[in-house]
Amino acid sequence: MVELKTDASIDAMYEAGQVVARALTAVREAAAVGVSLLELDGLAHGVLREAGATSPFLGYRPSFAPTPFPAVICASVNDAIVHGIPTAYRLRDGDLVSIDFGAQLNGWAGDSAISFTVGTARPADLRLIETAERALAAGIEAAVVGNRVGDIAHAIGSVCRAAGYGVPAGFGGHGIGRRMHEDPPVPNEGRPGRGLRLRRGMVLAIEPMLIAGGGDGYHEAADGWTLMTDDGSRSAHVEHTVAVTGDGPRVLTERCAAPAARFDVPSAG
Ligand code: MG
Ligand code: MG
């Protein structure tokens, strides 16, 4: 069952989305060689507390999970795709980090993810991240009234495949509202013109996941949560919460308040 949100509800979801945006901006600014994943988790937790928001991740236990999720961020490093549990691991030069984060504010959820490099970036990682961001942008562009879920999926998958990257099947985006995960599922690959028709008031989390090696295979790490690439290649994951409105897609987790320089892709030199 897909719930359509009123304009007022979408405005309230924007407030939740902006807590997510602030936390991800803070995490990215703090992430540096020697900083631990647990420290980044603590930082994001502080942003939640300051905003009077709560975490939809902490204690979350979907059917596949052996244990409740123990943190407020997912931190997936290098060959981890998504759902990485923050540990005492300290970031190393050249790491590729994906941070996924959600907030619940005044009863509404927001969900977003970023990928970035730490220290000296590998050119291949920058290309992977740039492609993930292009796939996300293409998916958002397709989130318009009258299109179908398959159009979003096709837009995302086309960008990933054209660049030669793998797309892990079985994980993707979702409807979002009072709960973080609602109907409909929003796959990262699909056929255009198929699936549920998009209507004004639908709010979707759109989240491409890319595998650099080009294969689609993944497996669970020993912690029962982290998804790892089968070929050991690196992965990127980016996500926004997007409302389908009468004026086109509205990105509720847009990060606009940060200094622009922090968002430039670092030079590979
Ligand atoms: Mg997410
Ligand atoms: Mg999500």
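Residues numbered from 1 in each chain as written. Chains lettered and ligands numbered in written order. Predicted model: local features only at pLDDT ≥ 70, side-chain atom pairs only at ≥ 80, totals over all residues. Heavy atoms only, no water.

**Examining the packing of aromatic side chains**
Part 1 of the argument: Taken as a whole and assessed by the stated rule, the structure comprises 4 aromatic pairs.
Part 2 of the argument: Arranged with centres 4.9 Å apart and planes meeting at 75 degrees, the rings of phenylalanine 69 and tryptophan 225 form a pair that is edge-to-face. Remark: tryptophan 225 occurs in the loop between β9 (218–220) and β10 (227–229) and phenylalanine 69 occurs in the loop between α2 (37–51) and β1 (73–77); sequence separation between them is 156 residues. No difference in accessibility class separates phenylalanine 69 from tryptophan 225, as the two residues are buried.
Part 3 of the argument: Between phenylalanine 171 and tyrosine 218, the aromatic rings sit 5.6 Å apart at their centres with planes inclined by 75 degrees, giving edge-to-face as the arrangement. You can see phenylalanine 171 sitting in the loop between α4 (149–162) and β5 (173–175) and its partner tyrosine 218 sitting in strand β9, a full 47 residues away along the chain.
Part 4 of the argument: The exposure class assigned to tyrosine 218 is partly exposed, which follows from its relative accessible area of 27%.
Part 5 of the argument: By way of ring pairs, the aromatic residues Phe64, Phe69, Phe171, Tyr218 and Trp225 are connected into one cluster. (Phe/Tyr/Trp six-rings, centres within 6.5 Å; stacked < 30°, edge-to-face > 60°. Helix = DSSP H or I, 4+ residues; strand = E, 2+ residues; numbered from the N terminus. Buried < 20%, exposed > 50% of the residue type's maximum accessible area, 1.4 Å probe, protein only.)

**Here we look at the sheet that holds β10**
Part 1 of the argument: What the 3 strands build is an open sheet, ordered β2-β10-β9; its pairing is antiparallel. In this open sheet, the two strands that pair with only one neighbour each are β2 (80–82) and β9. Across the sheet, the mean angle from the axis of one strand to that of its neighbour is 40 degrees, orientation sign disregarded.
Part 2 of the argument: Relative to β10, β9 runs antiparallel, the two being bridged by 3 bridges. Looking across to β10, one finds that tyrosine 218 is bridged to threonine 229. (Pairing = 2+ DSSP bridges. Axes fitted to C-alpha atoms, helices over the stretch in contact; angles between N-to-C directions.)

**Concerning the coordination of the magnesium ion (ligand 1)**
Part 1 of the argument: Coordination of the magnesium ion (ligand 1) by the protein involves Asp100 (OD), Asp100 (OD), Asp111 (OD) and Glu239 (OE), with metal-donor separations of 2.0 to 2.6 Å.
Part 2 of the argument: Linear spacing of the donor residues for the magnesium ion (ligand 1) on their chain is D-x10-D-x127-E.
Part 3 of the argument: If you look at the magnesium ion (ligand 1) and the magnesium ion (ligand 2), they sit 3.2 Å from each other and are both ligated by aspartate 111. With aspartate 111 in strand β4 (residues 108–117) and glutamate 239 in the loop between β11 (235–237) and β12 (240–245), this residue pair connects regions lying 128 residues apart in the sequence.
Part 4 of the argument: The buried category is assigned to aspartate 111, whose relative accessible area is 2%.
Part 5 of the argument: Taking the relative accessible area as the measure of exposure, glutamate 239 reaches 0% and is therefore buried. (Donors = N, O, S within 2.8 Å, 3.2 Å for Na, K, Ca; no water.)

**Side note on helix α3 (residues 123–141)**
Note: α-helices contain 3.6 residues per turn, so residues at a spacing of three or four share the same orientation.
Part 1 of the argument: For α3, which comprises 19 residues, the first-to-last C-alpha distance of 27 Å matches the rise-based estimate of 27 Å (1.5 Å per residue) to within 8%.
Part 2 of the argument: Listing the buried residues of α3 in full gives Asp125, Leu126, Leu128, Ile129, Thr131, Ala132, Ala135, Leu136, Ala138, Gly139 and Ile140. (Expected span 1.5 Å × (residues − 1).)

So yeah, pure geometry; function would need other evidence.
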